[in-house]
Amino acid sequence: PAADVPSKILFAQGLPDECNEMMLAMLFRQHGGYKEVRIPRKGLAFIEFEDEPHATLALKALNGFKLTVKDALNLKYGKS
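Summarised in this report is the structure supplied together with it. (Residues numbered from 1 in each chain as written. Predicted model: local features only at pLDDT ≥ 70, side-chain atom pairs only at ≥ 80, totals over all residues. Heavy atoms only, no water.)

### Here we look at the sheet that holds strand S3 (residues 44–49)
The strand order across the open sheet formed by four strands is S2-S3-S1-S4, and the pairing between neighbours is antiparallel. Each edge of the sheet is formed by a strand with only one pairing partner; in this case those strands are strand S2 (34–41) and strand S4 (75–77). The sheet shows a mean angle of 25° between the axes of neighbouring strands, taken without regard to direction. Note: strand S1 (residues 9–13) against S3, five bridges, orientation antiparallel. Considered in S3, the bridge of Leu10 is made with Ile47. On top of the sheet, helix H1 (residues 21–28) reaches S1, S2, S3 and S4; it is set at about 150° to S2, its chief contact. The strands touched by helix H2 (residues 52–62) within the sheet are S1, S3 and S4, with S4 carrying the most contacts at an inclination of about 155°. (Pairing = 2+ DSSP bridges. Helix = DSSP H or I, 4+ residues; strand = E, 2+ residues; numbered from the N terminus. Axes fitted to C-alpha atoms, helices over the stretch in contact; angles between N-to-C directions. Contact = heavy atoms within 4.5 Å.)

Here's what the structure looks like:
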């Protein structure tokens, strides 16, 4: 599927309701090349990086990261 094609944008879904742009920005800002987080609607976020290699490093580091006791970060590549 197209979602598996590496890109500079990461897509997160199934986020807990209390998860906001500031929380995600704090998490992703620790990784090089971070640009911005957008949450178009509850439970969904796009995280943009300067380029695909930076996005891939963040994906590998943060996929499965525990946001809350029961919610883990579910990351895929978005479409650039």
